[in-house]
Amino acid sequence: MNYILTLDIGTTNIKATIVDEVGNIVIHKSIKNELTLGSDGRAEHDIKDIYRKCLEVTKSVISGFERNIVAISLSTYLHGLAVLGVNNEVLNNVMTHLDLRSAGYEVLPGVDEYEVYRRTGCPPIFVYPVAKIRWFKSLRSHLVNNVSRYSLVKDYVVEKLIGDAYVDFGVASGSQLLNIHSLKWDDLVLSSLGIDEGKLPRLVEGCKVLDYVRASTLDELGIMNNRVALVAGTFDGGAQNIGLGALDSSIATVNLGSTAVLRTLTTSPIIDKSREMRFFTYYVADGLRACGGASNNGCTVLDWLSSILSLTPNDIDLLIKDIGPGSEGVYFLPFLAGERFPFRDPYLRGVLIGLQLHHGRGHIIKALLEGISLNLRVIKDALGENGINFKAVICGGGGCRSKMWREVLKAVLCMPILSSGFEEHAANRGVGLLALKALGYVNDLSRFKYDLRLDEALMPDNVLCDTYSLIYSKYLSIFKDIKRIITNTYGCEGR
Amino acid sequence: MESILTLDIGTTNIKAAVVSLNGKTLDLIKAKSPILASDAGSFEHEPRQLLNEVINLIKALAAKHRSAIKAIALSSYISNLLLVDDRGNELTNIITWLDRRPVKVLDNLSKLIDPHELYRRTGCPPLYLYVPPKIYWLSTSSNLVSKARYLLDAKSYILFKLMNEPYIDLSTASASQLLNIHSLKWDDLVLSSLGIDEGKLPRLVEADEIIGYIPRAKALELGLNDEVPIVPCLYDGASFIIGLGGLEVGVGSSHIGTSAMLRVVSDSPLIDLNTMELHTYYLCRGLWIPGGAIGNAGLTLDWLSSLVGREVNILLNNMAPLSSSLPLTIPILTPERFPKLTRCSGILSYGMKLEDRLNVLTTSLVLGFLFMLRRFSDLVESHGIKLREIRVGGGVAESDNVLYLMSNVLGTKVLRPKNLLEGGLLGNALIAFKALGYFKSLNDAFNSLGVEFDVFQPKDELINISKELYIKFKSLLKIYTQLCSELT
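Worth saying up front: this structure is predicted, and the values here are computed from it rather than measured.

1. Regarding the overall build of chain A
Then, in step 1: Regarding its fold elements, chain A presents 14 helices and 23 strands.
Then, in step 2: Relative to its full complement of 495 residues, chain A shows a buried share of 55%.

2. Re the overall build of chain B
Then, in step 1: Helices and strands together make up the secondary structure of chain B, namely 17 helices and 24 strands.
Then, in step 2: Since a compact globule built from 488 residues should have a radius of gyration of about 23 Å, the 22 Å found for chain B is in line with a globular shape.
Then, in step 3: Seen through its C-alpha atoms, chain B measures out along the principal axes to roughly 70 × 55 × 45 Å.
Then, in step 4: Within chain B, the fraction of its 488 residues that count as buried is 53%.
Then, in step 5: A sequence separation of at least 24 residues applies to 71% of the contacts in chain B between residues at least 6 apart.

3. Some remarks on the domain arrangement of chain B
A common way to report how large an interface is uses the accessible area buried once the components associate.
Residues and elements named next belong to chain B.
Then, in step 1: As assigned here, chain B comprises domain 1 (3-233) and domain 2 (246-487).
Then, in step 2: In this structure, domain 1 and domain 2 have C-alpha centres spaced 26 Å apart.
Then, in step 3: Contact residues are listed per partner, giving 37 residues for domain 1 and 29 residues for domain 2.
Then, in step 4: Counting residues per element, the ones that place at least two in the side of domain 1 that touches domain 2 are β1 (3-9), β2 (13-20), β6 (69-76), α3 (115-122) and α7 (170-174).
Then, in step 5: For the side of domain 1 that touches domain 2, a count of residues per class yields 21 nonpolar, nine polar and seven charged.

4. So, the pairing of strand β3 (residues 25-32) of chain B
Residues and elements named next belong to chain B.
Then, in step 1: As paired elements, β2 and β3 share seven bridges and run antiparallel to each other. What sits directly across from A17, in β3, is L28.
Then, in step 2: Remark: four residues form the turn of the hairpin made by β2 and β3, two consecutive strands paired antiparallel; G23 in that turn has positive phi of roughly 85°.

5. Describing helix α4 (residues 154-162) of chain A
An α-helix turns once every 3.6 residues. As a result, residues three or four positions apart point the same way.
Then, in step 1: All buried positions along α4(A) are accounted for by A:K154, A:D155, A:Y156, A:V157, A:V158 and A:L161.
Then, in step 2: A:G163 occupies a position one or two residues after α4(A) and carries a positive phi of about 95°.

6. Notes on the sheet that holds strand β4 (residues 35-37) of chain B
Strands in a sheet are paired, the pairing made by backbone hydrogen bonds, and the direction either parallel or antiparallel.
All names here are of chain B.
Then, in step 1: With respect to topology, three strands assemble into an open sheet ordered β4-β5-β8, the strand pairing being antiparallel. On the outer flanks of this sheet lie β4 and β8 (94-95), each paired with one strand and no other.
Then, in step 2: Of the pairings in the sheet, the one linking strand β5 (residues 43-45) to β8 comprises two bridges and is antiparallel in character. Note on β8: the bridge partner recorded for E44 is I95.

7. Here we look at the pairing of strand β3 (residues 25-32) of chain A
Residues and elements named next belong to chain A.
Then, in step 1: Sheet topology note: the strand β2 (residues 13-20)/β3 ladder contains seven bridges and is antiparallel. Across the sheet, I18 pairs through a bridge with I27, a residue of β3.
Then, in step 2: The loop that links β2 with its antiparallel partner β3 comprises four residues; one of these, G23, has a positive phi angle of about 90°.

8. Points about the sheet that holds strand β17 (residues 260-264) of chain B
All names here are of chain B.
Then, in step 1: Ordered by their spatial adjacency, seven strands build an open sheet running β18-β19-β17-β16-β22-β23-β24, and the pairing between neighbours is mixed. Edge positions in the open sheet fall to β18 (279-282) and β24 (453-456), since each of these has one partner strand only. Ignoring strand direction, the axes of neighbouring strands in this sheet form an average angle of 25°.
Then, in step 2: Relative to strand β19 (residues 288-294), β17 runs antiparallel, the two sharing four bridges. The residue of β19 that forms the bridge with M261 is A293.
Then, in step 3: Relative to the sheet, helix α14 (residues 400-410) contacts β22 (389-393), β23 (413-417) and β24, its axis offset from that of β23 by approximately 145°.

9. As for the nonpolar core
Then, in step 1: Core analysis: the biggest nonpolar cluster contains 328 residues, and A:L368, A:V393, B:A73 and B:I431 have the highest contact counts within it.
Then, in step 2: It is helix α13 (residues 358-382) of chain B that provides the largest number of residues to this core, a total of 13 residues.
Then, in step 3: Sequence-distant contacts of B:I431, defined by excluding residues within four places in its chain, comprise B:A73, B:A207, B:D208, B:V231, B:C233, B:I242 and B:L442.

10. Some details on the domain arrangement of chain A
All names here are of chain A.
Then, in step 1: For chain A, the domain assignment lists domain 1 (3-238) and domain 2 (246-419 + 461-495).
Then, in step 2: On a C-alpha basis, the centres of domain 1 and domain 2 stand 28 Å from each other.
Then, in step 3: On the domain 2 side, the residues contacting the 25 residues of domain 1 number 17 residues.
Then, in step 4: Looking at the side of domain 1 that touches domain 2, the elements that each hand over two or more residues are α2 (113-120), α5 (169-173), β15 (229-235) and α8 (236-244).

11. Structural notes on the environment of B:Y470
Residue and element names in this part refer to chain B.
Then, in step 1: For Y470, the position within the fold is in helix α17 (residues 460-487).
Then, in step 2: The class for Y470 is partly exposed, based on 17 C-beta atoms found within 10 Å.
Then, in step 3: Each C-alpha atom of the pair Y470 and A154 lies 39 Å from the other, and the pair is 316 residues apart in sequence.

12. Things to note about the packing of helix α10 (residues 313-320) of chain A against helix α11 (residues 361-385) of chain A
When two helices pack together, their arrangement is given by the angle between their axes and by how far apart the axes lie.
Residue and element names in this part refer to chain A.
Then, in step 1: Between α10 and α11, whose axes approach to 9 Å, the crossing angle comes to 100°. Between α10 and α11, the angle falls in the class roughly perpendicular. The residues of α11 that touch α10, namely those facing I316, L319 and I320, are R361, G362, I365 and K366.
Then, in step 2: Residues belonging to the contact of α10 with α11 are distributed by class as follows: four nonpolar, one polar and two charged.

13. Section: unusual backbone geometry
What you tend to see is this: most non-glycine residues have negative phi, and most peptide bonds are trans.
Then, in step 1: Backbone torsion omega between A:F341 and A:P342 reads -5°, so that peptide bond is classified as cis.
Then, in step 2: Of note in the backbone geometry, A:Q176 takes a positive phi value of approximately 70° without being a glycine.
Then, in step 3: Residue position: A:Q176 is located in the loop between α5 and β11 (178-179).
Then, in step 4: Residue A:Q176 is classed as buried on the basis of its C-beta count, with 30 C-beta atoms lying within 10 Å.
Then, in step 5: One non-glycine residue with positive phi stands out, namely B:L184, at about 60°.
Then, in step 6: Secondary-structure assignment places B:L184 in the loop between β11 (179-180) and β12 (185-186).

14. Some thoughts on the interface of chain B and chain A
Then, in step 1: Each partner contributes to the interface: chain B provides 27 residues, whereas chain A provides 29 residues.
Then, in step 2: Elements that contribute at least two residues to the side of chain B that touches chain A include exactly α11 (298-308), β21 (347-352), α13 and α17 of chain B.
Then, in step 3: For the side of chain B that touches chain A, the leading source of residues is α17(B), giving eight residues.
Then, in step 4: Residues that form the side of chain B that touches chain A fall into these classes: 16 nonpolar, eight polar and three charged.
Then, in step 5: For strand β21 (residues 350-355) of chain A and β21(B), the ladder comprises five bridges, and the chain directions are antiparallel. Counterpart to A:G350 in the pairing with β21(B) is B:M352.

15. Structural notes on the packing of helix α10 (residues 236-244) of chain B against helix α15 (residues 423-435) of chain B
Residue and element names in this part refer to chain B.
Then, in step 1: Interhelical geometry of α10 versus α15 gives an angle of 75° and a closest axis separation of 6 Å. With respect to their mutual orientation, α10 and α15 come out roughly perpendicular. Within the contact between the two elements, α10 uses D236, S239, F240, I241, I242, G243 and L244 and α15 uses G423, G424, L426, G427, N428, L430 and I431.
Then, in step 2: Here the residues of the contact of α10 with α15 sort into seven nonpolar, six polar and one charged.

16. Points about the environment of A:L78
Residues and elements named next belong to chain A.
Then, in step 1: Relative to the elements of secondary structure, L78 occurs in the loop between β6 (69-76) and β7 (81-84).
Then, in step 2: Classification of L78 by C-beta neighbours within 10 Å gives buried; the count is 27.
Then, in step 3: Beyond its immediate chain neighbours, meaning those up to four positions away, L78 contacts H97, V171, G174, F235 and G237.

What counts as what
Residues numbered from 1 in each chain as written. Chains lettered and ligands numbered in written order. Predicted model: local features only at pLDDT ≥ 70, side-chain atom pairs only at ≥ 80, totals over all residues. Helix = DSSP H or I, 4+ residues; strand = E, 2+ residues; numbered from the N terminus. Buried ≥ 20, exposed ≤ 12 C-beta atoms within 10 Å, placed from the backbone. Rg over C-alpha atoms; globule rule 2.2 N^0.38 Å. Contact = placed C-beta atoms within 7 Å. Domains from an automatic or database assignment. Nonpolar A, V, L, I, M, F, W, Y, C, P; charged D, E, K, R; others polar. Pairing = 2+ DSSP bridges. Axes fitted to C-alpha atoms, helices over the stretch in contact; angles between N-to-C directions. Core = buried A, V, L, I, M, F, W, Y, C linked by C-beta atoms within 7 Å. Parallel < 35°, antiparallel > 145°, perpendicular 65-115°, else oblique.

Written out as C-alpha cells, the structure reads:
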C-alpha cells in the first residue's frame, strides 16, 4: 500500500497525517504553531519556524511509512503574508488573518471596490494580503527596495521542498491578488498596488503533481522513497469541503471553530450581485470554487462568554435545553471581534439586548448560539439570491459537538445538519484526496462525495423554521438600528 | 437623654428607631411590610396589618425608652392610595406605587387631563405610579371612590389611626400628583377632573411642625407617656436628604440602593415641560427637590451577580478604569419612570470586545445607571441651578469605586457620611427635634451631629472621557427607545 503525507498549516496547530490509497487517515499528529501577539495589533507567525515545525511533525508520523510515501500534499491557512528579501531573508514575518495592523489599508485608492471584488472574489477587507502589502509599503517603506517576494506561506514551504516558489491557485485566490476568472495575478490590482508579478510566487494548479521533492529534503523528513511527488494542494477551508465530501453546491459545510464559516463548492466563480459583497469566491482545486463567508465571531465569543459566566463546555447544553426559540426575547449580536462576513465592518462590536429580570445564563448563551447561527443564515440567503441553493449542511469544528447548537443551526438554516465522519482532520484528508487524484489513484473526486439521502428523520420542524424566520427578521432589524448608531454617533470610521 | 421615636414605612420593611439629641441610635428594629402581589399586576399592602406592625414597633420601643421619647416622627413611601369610609373602615388595601393595574387607564386619563397640564401643575410626570391613575382606575372599575369618606395614603392612614384625624405633610402630598406644586394646595383642576372633593383629602401640614398629640388612652395603650407630640416629617426620600444635611440650593442628594434617586435642592419648583422627565417634589420651608428616581441600580448588580456567581461587593471591588473604549449599557431590567421608556424593559449592552472581562462589564453596567441618574442633574442644571456637590447614601454607595465613577460622571465632588444612621430615620429625628424647638433650623440640627465625610473628587481628564461616553450613551438610549417599541 502507498501513502500520502499531508500537512495542514493552521493558525494554532500544524497537523500531519498519513492518508492511504482509499482516502482514510491512518495516523495523525499535531504540533503547536506559536503566534506572536503585540499591543500594536500584530499576530505573527515565524515563517522559518513554520517550516521547522513541518519537519518536526512529519517525523512524528513517518515511522513505519518511510518507504511507502509517494506524495506530499499541502493545506495552508489563507490570508497570511510574509515579506522576503534576497536569500529568503525575512523582511517582515507572516502577518496572519488575526493581525490588525493592516486595518484601514483595505481599499485600493482610485479603484472601484466592487470591481476589485468582481475580479478577485474578495471584498475590501483588511485581512487580505493586498491590505498587508499596502501596510508594508507605507510603514516599512525603507525596506521596499529589498523585497524579492511577497510570500503567501505555501510558496515558502513549496520552495523548501522542490527548490521553486510556487503557490496553488487556491491559496493565491485568498490574497485578493488573483483574478478568479482567468486564474492569473490580476493586472488591475497589481498595477494599483504598484507591484510586479515577479515579486509574487508562481502559480500552479493544486490538484496535480508539481514536481518531485528534493533528495536532501527527503532526508530531512526521514522519507526513504526517492520519488515523492509534491502536490501543492489548496487552502484549509477548501480542503475541508473536499475532505468532508461536500463536493458540489447541493451541500455546504459549516465550521464552528474560533470563526464561524459557511462554504459550498461550485464549478464556476459566483460573485454577489449586490454591492454589499456578502460572500467570497475562492478557487479550491480541480476546477472547484468555494463560495461562502467567514464570520470573525464563532467559538471565540462562546469562549469569551463562558469565561465571563464561569462555564465549562458541558454546562452549555444543559443550561439551554429548556429555553425556547428566540431565547425569550434576548438577542445577542456577537460581533465582539468586528466582522468580515456577512456584514463588513471591523468596528462592529457585541450587542446584547432584551435581557430582563427573569432571564438567566441560559438565555444569554442560547441567544449567542442563535446570533452566530443567524449570521450564517444571512450568508446562506445571500448565496441563495445568487442561485446557490444547497439542501444540507455538514457541520465541523468544536461548536458542532454541542447537540443543542446543531439543533439551533438546523432550525435557523431550516435544513438537515449532517456528520460525515471525517470532521476531525478534514483539511488533511482533503489535500490527501487531491493527491490521490493527481497521482491517478482515482479518476474523479466524486467517488468521495457524501451520499446525500435526506430521510424524514433528518428534516427540520417546519413550525420551528417559521418561528426562526420571524426571529431572523427581528435580528436584521436590530442590526440595522445598531448599525445606525455606529455611523451616526461613532463617526464614519465607527469608533 | 431626649430622644425621638422615628419610623419609616418602606415598601418592603418598616423600620423604627430611637434617636437621641446627640444623634446616637439607641435602638433600631424592623418588621416586614405585608406585601400582597398578584399576576394581574397588583402590589398592595394590607392596611390593618401595616398598622399592627407599626403599633407593635412603637410598643416595643416604648417599653424600653418610654421616658426618653419626646416625639414620634414618621416618613413613608410615596404615591399610594387607600380609601376609608366615614367610620374609618378600610374600603381598599393600600395600592402602592408598584401596582401596575392602573397602567391601562393612562390613555383615557390623558383625555380627561392634558398630560402636560397635569405635569405643569403637579411637577409629577404622567406616569401610572402616581395617585390620579389609581383613583381613575378605581372609579371606572367600582363605586368605592364615591363611597369613600377619605382618600388616604399609608402615612395619613397611620396618622388618622393614631390621632383620629387625617393629616399629610406637603412633601408626601407633592409626590402624589394631586398637589399643586406652585401653590402647595390640592390642585383644583386635578381634583375636579377626577370628581374628588377636597374635603375627602387629608389636611396639608408642613413637615417640621407638631400637628397634635396622641390621645391619652391611645398613648397608654402604646406604652407611651401622655400626650406625645407627633411630627409628620416628609416622604422617605426627602427625609433621607435631611439626614445628609446640606439643605442649600445646588446641593444634591442621591440614594443608591436597589433603585436610585438623585435630587437637588432648589428655591422654586422646576418644571421641564419639554421632556417631562424631571419630577419635582416639595421639601419644606420654601425648598423644592427636583430630580428623579430610577428603578434599575443595585437591582442590575444583583442580577449580574446571580448571573456570574460572584458577590456584588466582589464585582464592585474589581471595576475597570473609566476609558473611552468601555461598552455602553442601558441598564433596564424593569421599566423606568421616564415617560418615553415606561413600556421598555430589557438590558441593552453595546460595544463588547473580546478582550473585555467581567470587570469591564460591571463598570459598563454601573456607568449605565449613573448616566441614567445624570439625566436628572442635567435637567436641573438646564434650569440654572449649578450642582455644587452631591451627598450619597444607600447600599451601593458603600463602594468607593462607584462613587469615584459617580464624581466623574456628574463632574462634581461626592460626599459620603461616615458612620451615619440610615438617612430617612435620622432625617425624621432631626425634623422632630427642630419641631420641638431644640434647633433653629434643620441645618443647625444636622451640623450639631459633627458628621465627617469621605470625599470623592472628580478628575478633569476622567470627566472628559465620561462626557464623551455620555454623548454616545444618549444616542444609544434613543435607539433603545425605538427598538423596544419594535420588539414589544
